[in-house]
Each structure stands twice: as structure tokens, then as C-alpha cells.
Amino acid sequence: MNRFEDTAVLLTGAASGIGRAAALRLASEGAAVFAVDRSGDGLRGTAGLLPPGTGRIHTHVADVSDEGAVVAAVSRAAETMGGIDVLVNVAGVHRTTPIDRLTVDDLRFLFSVNVVGTAVFCREALRHLPDGTGVIVNVASSSATHGNPFTSAYSATKGAVLAFSLSLASEMSHRRIRVVPVSPGTVATPLTSRSDMLPADLDTSYYRRIRAPFGTADPQQIAGVIAFAASPDAGYLTGAEIRADGGSHI
Ligand SMILES: NC(=O)c1ccc[n+]([C@@H]2O[C@H](COP(=O)([O-])OP(=O)(O)OC[C@H]3O[C@@H](n4cnc5c(N)ncnc54)[C@H](O)[C@@H]3O)[C@@H](O)[C@H]2O)c1
């Protein structure tokens, strides 16, 4: 499939996990990808994985929670690629926050990356996205609509990304720009394998019980969903969440 030939994609969180897999998938289908992340090493790793003869990956180091850095990244992306057709917001952070230990710093950290970063990227990219064909894909999470212990702050940020995306889809419908929130379930990435994800002193039996019928996803499976949402195949899809959770809501 070459659904993204002549398509300029701006994608955040491209140094690892789902963002890396999505950058590679979109580029392998012909896209020019402007890949943003705070990790320069990770971005170089992503670009190095692109097989020769497919699309292109330009790399740019920026902190998505820094408004000035986002403004600069978006304008550099437009300059480098001659425009922006698709924005994919993947960058995100997680902290485990049992309610008795939740701090204001946790809330500020999680919201500044997951929500503020996503919203400012949307605002800036919308200055460039073409009416009629422009697309935004925002990665939320199944935890936006499904309760899990010790993760209320993270879940709140993902609920915010979901709600933000639905209202933005409504606001952008007059320009025929699609906005699609994608909500993965559990995906095998560095984010979920961190040792502090479920500290030993917490009762984690809940997490052993809730395995999705289809198990844990590979990042490539979510990249496939992101590519579909961003592609002309999804031309009638806007303001609707795609939940790619391996059946965990069943
Ligand atoms: N892994 C899962 O189970 C899962 C489930 C649902 C949703 N998600 C969401 O998917 C997205 C990607 O997660 P992942 O699992 O691939 O994690 P990951 O840790 O592998 O990748 C996240 C990427 O975001 C980047 N990043 C974080 N903060 C940043 C900042 N301030 N500025 C720039 N880049 C920053 C990191 O450097 C990293 O490359 C996140 O939004 C996450 O919340 C993940």
C-alpha cells in the first residue's frame, strides 16, 4: 500500500514505542514524516530503521510541553516538507499515582505533556493543514473511558485528549478537516514495561485479572490503526474514537 505518497506528516513521540512504529509505517507507505521527540538518540534510532527506498523521516528534538518549542517545531515542519497534511500526536507520559500519593507536580507533569502538548500542536498545525483533506490523529487511551486503579491522573489526561478531539472535530468540520482520537489498550512499549509502573507495595492483582481477550498489543498493531485513521480510507471518519484495545471493553 502506498496511501501516503506526497503526504507530509508531522508526528510527535516518534523516538519510541507506538510513535516510532507509526512513523515507520507511514513512511513505508510513502509519507514524508517530520518526527518530533525530546529524545534525539531515539529519533536517530527510528530514522535508522527505515528501509531504503521508502518515504523520508526528518528528525527534530523538542519538548512538546514547551509552547515556544512547539511553535518552532511546527513551522520548521511546514518549511521542511513544503506543508503539513497530517498531524499525529503520540507523545505522552505516564505516572502511577495512587490517590493518597498524588501530587500537584504529578498533575502538572502529566497534563503539560499529554494535554497541553497535544492541544498546542493542534492549534499550530491547523494553520497549515489543508481544508478538505487535512487530518489530525490524537492518541488517547482506553483508560479515558475505562477505570483502572492507581492511574486516575493519567486517565484524566487521556479523557481530556478524547474530549478535546471530539470538540475540535466539530469545530473543524466546516473546513472538512478530520480529527480522530485513537485509544489503545495495553501495548508492549517502554512506557508499560517500566519497573515503577506498578510499585511492589501496591495490590496489583487487578492488573493480572484484566488481560484483554486479544492480549497485549505490539506497537505495530496500533501503528496500523493510526495509519488507517490518517488515510483516505477513513475519509468519512471524524469525531469518533477508535478503540484498539484487543476486546478489553467486551
Ligand atoms: N503503551 C500503552 O499501553 C499505551 C496505551 C494507551 C495509550 N498509550 C499512549 O500512547 C502514546 C505513546 O506511548 P508509548 O507506549 O509508545 O510510550 P513510549 O514511552 O514508548 O513513547 C513515548 C514517547 O513520547 C516521548 N515524549 C514524552 N514526553 C515528551 C515531551 N515532553 N516532549 C517530547 N516527547 C516526549 C518519549 O520520549 C517517547 O519517545 C502515549 O501518549 C501513551 O499515553 C500507550
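Structure's up top.
From a predicted model like this one, the values you see are computed outputs, not experimental measurements.

Caption draft 1: Seen up close, the pattern of salt bridges. In the structure shown here, the tally under the stated rule is twelve salt bridges. Taking the shortest distance from any N to any O, the salt bridge between Asp105 and Arg95 comes out at 3.0 Å. You can see Asp105 sitting in helix H4 (residues 104-125) and its partner Arg95 sitting in the loop between strand S4 (86-89) and H4, a full ten residues away along the chain. Classification of Arg95 as partly exposed rests on a relative accessible area of 24%. A salt bridge links Arg101 to Asp201; its shortest N-O distance comes to 2.6 Å. With a gap of 100 residues between them, Arg101 in the loop between S4 and H4 and Asp201 in the loop between helix H6 (190-193) and helix H7 (205-209) connect regions that are remote in the sequence. Classification of Arg101 by relative accessible area gives partly exposed; the value is 39%. By sharing partners, the salt bridges in this structure join Arg3, Arg25, Glu29 and Asp233 into a single network.

Caption draft 2: The arrangement of unusual backbone geometry in detail. Phi at Asp6 takes a positive value of approximately 60 degrees, unusual for a residue other than glycine. Residue classification places Asp6 among the exposed residues on the basis of a relative accessible area of 78%. Located in the positive-phi region is Phe150, a residue other than glycine, with phi close to 70 degrees. Relative to the helices and strands, Phe150 is located in the loop between strand S5 (135-139) and helix H5 (152-172).

Caption draft 3: Quick peek at the environment of His60. As for its position among the elements, His60 is in strand S3 (residues 56-61). With sequence-adjacent residues up to four places away left out, His60 is seen in contact with Phe34, Ala35, Val36, Asp37, Leu43, Ala73 and Arg76.

Caption draft 4: Spotlight on the site of the ligand. Taken together, 28 residues sit near the ligand, with Ser16, Asp37, Tyr154, Val187 and Thr189 positioned nearest. The contact in question runs from an oxygen atom of the ligand to an N or O atom on the side chain of Asp37, over 2.6 Å. In the model, a nitrogen atom of the ligand is placed 3.2 Å from a nitrogen or oxygen of the Arg38 main chain. Surface burial for the ligand is 94%, taken as the share of its 820 Å² of free accessible area covered by protein chains. For the shell around the ligand, the elements supplying multiple residues, two or more each, are helix H1 (17-28), H5 and H6. Top contributing element to the shell around the ligand by residue count: H6, with three residues. Here the shell around the ligand is composed, by residue class, of 15 nonpolar, nine polar and four charged.

Caption draft 5: Region of interest: the pairing of strand S1 (residues 8-12). Counting buried residues along S1, five of its five residues qualify, which places the element largely inside the surrounding structure. Residue alternation in S1 divides its side chains into two sets, Ala8, Leu10 and Thr12 and Val9 and Leu11, and both sets are buried. Pairing of S1 with strand S2 (residues 32-37) involves five bridges; the strand directions are parallel. Along S2, the bridge assignment pairs Thr12 with Val36. In the classification by handedness, the crossover that spans S1, the intervening H1 and the parallel S2 is right-handed. Sheet analysis places S1 next to S4, joined by three bridges and oriented parallel. Bridge pairing in S4 links Leu11 to Val88.

Cut-offs and rules
Residues numbered from 1 in each chain as written. Predicted model: local features only at pLDDT ≥ 70, side-chain atom pairs only at ≥ 80, totals over all residues. Heavy atoms only, no water. Salt bridge = Lys/Arg side-chain N within 4 Å of Asp/Glu carboxyl O. Helix = DSSP H or I, 4+ residues; strand = E, 2+ residues; numbered from the N terminus. Buried < 20%, exposed > 50% of the residue type's maximum accessible area, 1.4 Å probe, protein only. Contact = heavy atoms within 4.5 Å. Near = heavy atom within 4 Å. Polar contact = N/O pair within 3.5 Å; in protein donor to acceptor, adjacent residues only side chain to side chain. Areas by Shrake-Rupley, 256 points an atom, 1.4 Å probe, with all protein chains shown as cover. Nonpolar A, V, L, I, M, F, W, Y, C, P; charged D, E, K, R; others polar. Pairing = 2+ DSSP bridges. Right-handed = clockwise from strand over helix to strand, strands pointing away.

Just distances and angles here, no functional claims.
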